[in-house]
There are 2 protein chains.
Amino acid sequence: MKDLLYPNFSFQITYRAKGSLARLGSLRTPHGSVETPNFIFCATKGAMKSVTTQQMREAGAEIILSNTYHLLLRPGGDVIERWGGLHHMLDWQGPILTDSGGFQIFSLGHGGVAHEIKGNRSSGMNYPKTLIKIEEEGAVFRSYVDGQLQRLTPEMVIETQRKLGADLVLALDECTAFHMEKSETERSMERSHRWEDRSLAAFQKSHDGRQALYGIVQGGIYEDLRERSGYYTANRPYFGQAIGGSLGQSAEQMHEVVAMTCQYLHPERPTHLLGIGGAHDIWNGVAYGIDTFDCVHPTRIARHGVALVHPSVADGKESLNLKNHRFAQEDIPLEMECPCYSCRHFTRSYLHYLFQAHESLGGQLLTIHNVSFMARLMHHIRASLREDRFAEARAAWQREKI
Amino acid sequence: MKDLLYPNFSFQITYRAKGSLARLGSLRTPHGSVETPNFIFCATKGAMKSVTTQQMREAGAEIILSNTYHLLLRPGGDVIERWGGLHHMLDWQGPILTDSGGFQIFSLGHGGVAHEIKGNRSSGMNYPKTLIKIEEEGAVFRSYVDGQLQRLTPEMVIETQRKLGADLVLALDECTAFHMEKSETERSMERSHRWEDRSLAAFQKSHDGRQALYGIVQGGIYEDLRERSGYYTANRPYFGQAIGGSLGQSAEQMHEVVAMTCQYLHPERPTHLLGIGGAHDIWNGVAYGIDTFDCVHPTRIARHGVALVHPSVADGKESLNLKNHRFAQEDIPLEMECPCYSCRHFTRSYLHYLFQAHESLGGQLLTIHNVSFMARLMHHIRASLREDRFAEARAAWQREKI
């Protein structure tokens, strides 16, 4: 797909699995191409936590994300533009996606959504409740940086993202909580659509070929709303589509909502699932047709002593908590075959010691491993698609899981 | 110097400056040689803080230090021996020195010495006072890890350091505070000498050629005591000598005490100044005949937002506090000519932002820079010696300083 609005971007589906909607794709941006399915790591505030972008590259990361809401408040779009944009600021030569900020205004404003299914995406629990009101023009909230009243409109979000210079940018949406009534979810979705229309208009007005816009499909857990929102998005000239809003209150419901929503999406556009990053969820998401995922989970749990591993080495779970005393005795790498810096040089017992001694190196080494794990997982998924054995590979992984 | 006790070590003085006691040397260990003067970076608890040993190497570090006291308490000498020793544990192929723990027992036990001239060496302010008593046999203290009573004797310190496997090891000494009476300092020095004799005896008994022992010269601020302690150490078969104990209560007094002490040291042995690491102090120390320095200062201040820089770019000071608001406007590297990863890729304004936003990457990038700064400072000092212009180089540096 190459068109007038997105001359420097393309998304080519190079393989479609049989028996599921899983697919291989090539997502081309002005900062290089990435193969999909792929995982987008979170440099939320314009910095990876615990590691440098050089360490991210070495661990296998190919595309990262920053958050417009946080960067708008500090250091501000003008400052980042003066710095030459996010790529220069972060020293990241690959593609970058920026989240629009709708989710943050909502979750940091209410504090409630953080406990739902996308809880690990941006917990907001350390922030005061800041949302003042949402009106047709946009959201009004109090900056957690300086306490000043701030307004966020679709036009501002597009303008700010233009200054940040990410390759892939998102329209502003209004997020809704799981516990909302259907009628409220519907009203909110309709406002999101009006905001997305304004985002698109602002994008088209200032567009210079360096960015591609994603629409966001809303509708909560309600199939008829997801259908309406999917068609709304598919019928407008977005480059890609993201699945936003509430995905329910359990992993099972999330899988159902994602699978159901994917039926109504544009079949040729890159599809991003916002804020989901568990290995099991990713295998399922790929099967439903998702091309990219993002989540703070892999890097956040690393700082708390949790390493992502294949379920076969974690008694069917997806992770090991290195703070557990049993690891004091395990003089082996986190994963025997892992090629990451941490696994090549350090043992579980040493990592356990680092967390016991409150040495920040522990979080850094686990972050490197978890990034490598996610990159290898996505590589493994793509290889299984390329070799026409995705269903078996998915089943084999999930058999190991409890 | 190559002898029966230290067949795999040597220290060769390759140049002596005129007009000062400054000298160039080559310190050979089983893990490679380092040129002196050099700086030893602190991986106190068997881990660098904020950076990996790979990042340390890339930034120019050549030799590091760990602390026997901390590692004895956790994870313990036996565990580190099981791990293959410190080199394997840390993934550090170069030389390692281990501190004996005398200073830590004293400073963590009393909390007092931390505020004196070596205050940045190991502040101990986060630890409860743990020293129970010092008796002829050794020190009795309470472990800050598990509250158990622990005894530290010269024999145990040597045995533990044998298990840790560092190249350069220190005898156990008893540290004294500045405010001690001369008679008390003398009694403590004499006990240190007896402990060092026992350390030496234990070292000789178990020696296997892989380690070299340093004696520690005590005597506080009193010239006749430093003279006695210097001769005591010089007349015993230590490989090297470290200047320990109180160096006074001001930078000026420290310089006087070090200069005075150096007169009484063995002229051919490598000489280490414990816990001193300011650039100005290093220039002076080298002039007095010091070969190696260690201090947590460069890496500790980095985590608090302070970058080491040449005084010409800091209005005559030795550092810049990146938390200062003026740096928000400075879109230039910390130092224009610095080849470190941080200076090649990031600006003062971005670093300022990282500290404003409490992003731990800020501490990591400043740690990399400060390590590079210290490595370059030592390189610059050695080059000035090699080119027979140490006095001018020292004067030029100090002219820039307020």
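Owing to the predicted nature of the structure, the values given are computational and were not obtained by experimental measurement.

**Overview of the environment of Arg151(A)**
Residues and elements named next belong to chain A. For Arg 151, the location among the structural elements is in strand β9 (residues 149-152). In this structure Arg 151 comes out as exposed when scored by C-beta crowding, with 12 C-beta atoms within 10 Å. Distance from Arg 151 to Val 306, taken between C-alpha atoms, is 38 Å for residues 155 residues apart in sequence. Contacts of Arg 151, omitting those with residues within four sequence positions, involve Gly 138 and Val 140.

**Digging into the nonpolar core**
Membership of the largest hydrophobic core comes to 227 residues, with the highest contact counts inside it found for Phe41(A) and Phe41(B). Ignoring anything within four residues of it in the chain, the contact list for Phe41(B) reads Met56(B), Ala61(B), Ile64(B), Leu65(B), Thr299(B) and Val371(B).

**Some details on the relation of the copies chain B and chain A**
Mapping chain B onto chain A calls for a rotation angle of 180 degrees and an axial translation of 0.0 Å; the resulting RMSD is 0.0 Å. As the rotation angle and translation indicate, the two copies are arranged about a two-fold axis. Among all residues of chain B, the one whose C-alpha sits closest to the rotation axis is Ser50(B), at a distance of 3.8 Å. Most of the interface of chain B is mirrored in chain A, where 100% of its interface residues are also at the interface.

**Brief notes about the sheet that holds strand β11 (residues 212-217) of chain A**
Residue and element names in this part refer to chain A. On the basis of which strands lie adjacent, the closed barrel formed by eight strands has the order β4-β5-β6-β10-β11-β12-β13-β14 and parallel pairing. Adjacent strand axes in the sheet meet at a mean angle of 30 degrees, parallel and antiparallel pairs treated alike. Direction of pairing for strand β4 (residues 38-42) relative to strand β5 (residues 64-67): parallel, over a ladder of two bridges. Each bridged residue has a counterpart across the sheet, and for Cys 42 the counterpart in β5 is Leu 65.

**What to know about the interface of chain B and chain A**
Facing the 27 residues of chain B at the interface are 27 residues of chain A. Broken down by secondary-structure element, the contributors of at least two residues to the side of chain B that touches chain A are α12 (341-345), α13 (348-356) and α14 (361-386) of chain B. At five residues, α13(B) tops the list of elements feeding residues into the side of chain B that touches chain A.

**Quick notes on the pairing of strand β12 (residues 240-243) of chain A**
Residues and elements named next belong to chain A. Burial along β12 is two-sided: Gly 240 and Ala 242 and Gln 241 and Ile 243, pointing in opposite directions, are all buried. Note: β11 against β12, four bridges, orientation parallel. Residue pairing for β12: Tyr 214 is matched across the bridge by Gly 240. Read from β11 through helix α8 (residues 223-234) to β12, the crossover connection turns out right-handed. Read as a crossover between parallel neighbours, the route from β12 over helix α9 (residues 251-262) to strand β13 (residues 271-273) is right-handed.

**Comments concerning unusual backbone geometry**
All names here are of chain A. At the junction of Thr 36 and Pro 37, the peptide bond is cis and its omega measures out at 5 degrees in the coordinates. Relative to the helices and strands, Pro 37 is located in the loop between β3 (32-36) and β4. Pro 75 follows Arg 74 through a cis peptide bond whose omega is 0 degrees. Residue position: Pro 75 is located in the loop between α2 (68-73) and α3 (77-82). Positioned with a positive phi, Ser 50 is a non-glycine residue whose angle comes to about 80 degrees. Here Ser 50 is to be found in the loop between β4 and α1 (53-59). A positive phi is found at Asp 91, a non-glycine position, where the angle reads about 55 degrees.

Conventions and cut-offs
Residues numbered from 1 in each chain as written. Chains lettered and ligands numbered in written order. Predicted model: local features only at pLDDT ≥ 70, side-chain atom pairs only at ≥ 80, totals over all residues. Helix = DSSP H or I, 4+ residues; strand = E, 2+ residues; numbered from the N terminus. Buried ≥ 20, exposed ≤ 12 C-beta atoms within 10 Å, placed from the backbone. Contact = placed C-beta atoms within 7 Å. Core = buried A, V, L, I, M, F, W, Y, C linked by C-beta atoms within 7 Å. Least-squares fit on C-alpha atoms with pLDDT ≥ 70 in both. Pairing = 2+ DSSP bridges. Axes fitted to C-alpha atoms, helices over the stretch in contact; angles between N-to-C directions. Right-handed = clockwise from strand over helix to strand, strands pointing away.

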